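Each chain is listed here by its residues.
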Amino acid sequence: MIIFQRLRALFANYFAELSGLNLAVMLISYAALSWAGLSLAGEHSLTSPDHFFYWLIITASTVGYGDFSPETTIGRIWTIGFIVPAGLSLFALTIGRIGAFAVHHWQKGIKGMKDFQVFENHIVVIGWNDTRTLHLLELLLKEESMAGSNRAVLLAATSPQENPMPDSIYFVRLGQYTDERELKRTGIAQASCVIIDSPEDDVTLTCALLCYQLNPAAHMIAYFNNERLSQLLTHHCPTVECTPSVAVEMLAKSAADPGSSALHHDLLSVAGGMTQFSLMLPETAPRQSVGDLLHPFKQIFDALIIGVQEPGEKSIEINPGLTYPVGPGARIYYIANRRILAEDWHAFVDQTNQPAG
């Protein structure tokens, strides 16, 4: 009696926490006992390799197609007394375990606990600002859709508590913005674009320096309210694009030229209508002038060239003259109702009788 109680206590402790290993042991033991009982009962048809597992699963789940069944009295008793009740319990436990596992991983994704170090060529947005981050994410998704690249967008922030757009973006919840180990969870080393917009400028500066160290090849953009800090970051990381707050400048411009704020809003919006885009000319592009491109761009794409950035330069030539030279690697900024893609450029070269290289 004491031995039986100890065995029962040991069994209860072993299966008190239903781990994957415990469940596997239970399933293997159930299958082995079921097969042994049927074999002793002389149910050779049911214990054959072709039929046993199929019949056992159908019977344990109480589906019971009836194409196979015990033929002996002992086999029927063993099925009714052990295989069906034990199998029904294990079937429910297994389904529950699978469901719990799926819910756990779903919750990890929603709450930002997953690791995305395997991601490549994605966009990482670091920081959360209640007044603009959600709108930024929506604009990024629209831009990617219009460009046809559809890069994954991943938000990394200390808040909110859950993914604000679970059907559209990925989410990593950070403890702090300057923790290298946590930033690596975003796959930042393989990201093609990193946008840093934390609530505090000093945190943005520190985070940008760390991100630049982890991935200096990424297109990195940092938002600052304090222009001095943006200049400091540019001094140490010359390839980082610093975006200052232009709210005050827009107020002054609108006061002098009414409607300026609405104009700039429309040029930056991707919701519809004419918007500002850019196009980097391929290495095969011939060297020509802005005047050579201005009329064909307007005629073919209904696009207006507003600026040119030379390769390796940070400054942009706004409203370049007709004789301004444009060559391979230059970036052309233009206003149009859609983005000019690579295939559009090749068709443009053919249509304007320019050599494709």
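The name recorded for the chain in an unreviewed UniProt entry is Trk K+ transport system, NAD-binding component, from Marinobacter subterrani. As recorded by UniProt, the Subcellular location (unreviewed entry) comment attached to the chain reads in full: "Cell membrane".

Caption draft 1: How the structure looks around the sheet that holds strand β4 (residues 193–196). Strand order in the open sheet formed by six strands is β3-β2-β1-β4-β5-β6, and the pairing between neighbours is parallel. Each having just a single partner strand, β3 (170–173) and β6 (241–244) make up the two edges of the open sheet. Mean inter-strand twist for the sheet, computed between neighbouring axes without regard to direction, equals 15°. By the bridge criterion, four bridges tie strand β1 (residues 123–126) to strand β2 (residues 153–157) in an arrangement that is parallel. Note that in β2 the partner of V124 across the bridge is L154. Of the strands in this sheet, β5 (219–224) and β6 touch helix α8 (residues 227–236), which is tilted by about 155° from β5.

Caption draft 2: Structural view of helix α3 (residues 52–60). Residues of α3 that are buried include every one of F52, W55, L56, I58, T59 and A60, and no others. Backbone geometry just after α3 places T62 at a positive phi near 60°.

Caption draft 3: Examining the side chain of E182 more closely. By the element assignment, E182 lies in helix α6 (residues 180–184). Within the buried core, E182 has no salt-bridge partner, and the shortest N-O distance to an opposite charge, that of R185, equals 4.9 Å. In this view, E182 contacts L174, G175 and Q176; residues no more than four positions away in its chain are not counted.

Caption draft 4: Spotlight on the pattern of salt bridges. All told, the structure shown has seven salt bridges when counted by the stated rule. Put simply, E180 and K184 hold a salt bridge, and the shortest N to O gap is 3.4 Å. With E180 and K184 both in helix α6, this residue pair falls four residues apart, about one helical turn. According to the relative accessible area criterion, K184 is partly exposed, its value standing at 39%. Between D302 and K298 there is a salt bridge; the shortest N-O distance is 3.0 Å. Accessibility expressed as a relative area gives 44% for K298, which makes it partly exposed.

Criteria and thresholds
Residues numbered from 1 in each chain as written. Predicted model: local features only at pLDDT ≥ 70, side-chain atom pairs only at ≥ 80, totals over all residues. Heavy atoms only, no water. UniProt positions renumbered as here; feature names shortened; annotations may be inferred. Pairing = 2+ DSSP bridges. Helix = DSSP H or I, 4+ residues; strand = E, 2+ residues; numbered from the N terminus. Axes fitted to C-alpha atoms, helices over the stretch in contact; angles between N-to-C directions. Contact = heavy atoms within 4.5 Å. Buried < 20%, exposed > 50% of the residue type's maximum accessible area, 1.4 Å probe, protein only. Lys, Arg positive; Asp, Glu negative; His and termini not counted. Salt bridge = Lys/Arg side-chain N within 4 Å of Asp/Glu carboxyl O.

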